[in-house]
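# Overview (structure and organization)
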Amino acid sequence: MEIIVNLDVMLAKRKMSLTELSKKVGITMANLSILKKGKAKAIRFSTLELICKTLDCQPGDILEFKE
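Residues numbered from 1 in each chain as written. Predicted model: local features only at pLDDT ≥ 70, side-chain atom pairs only at ≥ 80, totals over all residues. Heavy atoms only, no water.

Another aspect to go through is unusual backbone geometry. Backbone geometry at Lys15 places phi at a positive 50 degrees, although glycine is not the residue there. A positive phi is found at Asp56, a non-glycine position, where the angle reads about 50 degrees. For Asp56, the position within the fold is in the loop between helix H4 (45–55) and helix H5 (59–62). Since its relative accessible area comes to 62%, Asp56 is described here as exposed. (Helix = DSSP H or I, 4+ residues; strand = E, 2+ residues; numbered from the N terminus. Buried < 20%, exposed > 50% of the residue type's maximum accessible area, 1.4 Å probe, protein only.)

Next up, the structure:
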């Protein structure tokens, strides 16, 4: 079982770069890159909320559970 991070998919749908998202949400490129690559061990709800507000999406659009 694993959680898949679809941040790259949402960025493509919104035609937004990781750099642009970083500037809008105030999160470093390094941290967003770790999240995008699925290497993050955790994510704060406040961070997820900022990303979702900026990308106009739901948490389920970014995070996916696979068995």
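The rest of the description comes next.
Before going further, it helps to examine a positive patch on the surface. Residues Lys36, Lys37, Lys39 and Lys41 make up a contiguous surface patch of positive charge. Along the chain, Lys41 turns up in the loop between helix H3 (29–36) and H4. Classification of Lys41 by relative accessible area gives exposed; the value is 83%. (Patch = residues over 30% accessible without salt bridge, like charges linked within 9 Å, V, L, I, M, F, W, Y side chains within 5 Å. Areas by Shrake-Rupley, 256 points an atom, 1.4 Å probe, with all protein chains shown as cover. Salt bridge = Lys/Arg side-chain N within 4 Å of Asp/Glu carboxyl O. Lys, Arg positive; Asp, Glu negative; His and termini not counted. Charge placed at Lys NZ, Arg CZ, Asp CG, Glu CD.)

This next bit is on the packing of helix H2 (residues 18–25) against H3. Running from N to C, H2 and H3 cross one another at 120 degrees; their axes reach a closest spacing of 9 Å. Of the possible angle classes, the one that applies to H2 and H3 is oblique. As H2 runs across H3, the sense of the crossing is right-handed. Residues Leu18, Thr19, Leu21, Ser22 and Val25 of H2 touch H3, and the partners they reach there are Met29, Leu32, Ser33 and Lys36. Of the residues contributing to the contact of H2 with H3, the split by class is five nonpolar, three polar and one charged. (Axes fitted to C-alpha atoms, helices over the stretch in contact; angles between N-to-C directions. Parallel < 35°, antiparallel > 145°, perpendicular 65-115°, else oblique. Left-handed = near helix turned anticlockwise from the far one by under 90°. Contact = heavy atoms within 4.5 Å. Nonpolar A, V, L, I, M, F, W, Y, C, P; charged D, E, K, R; others polar.)

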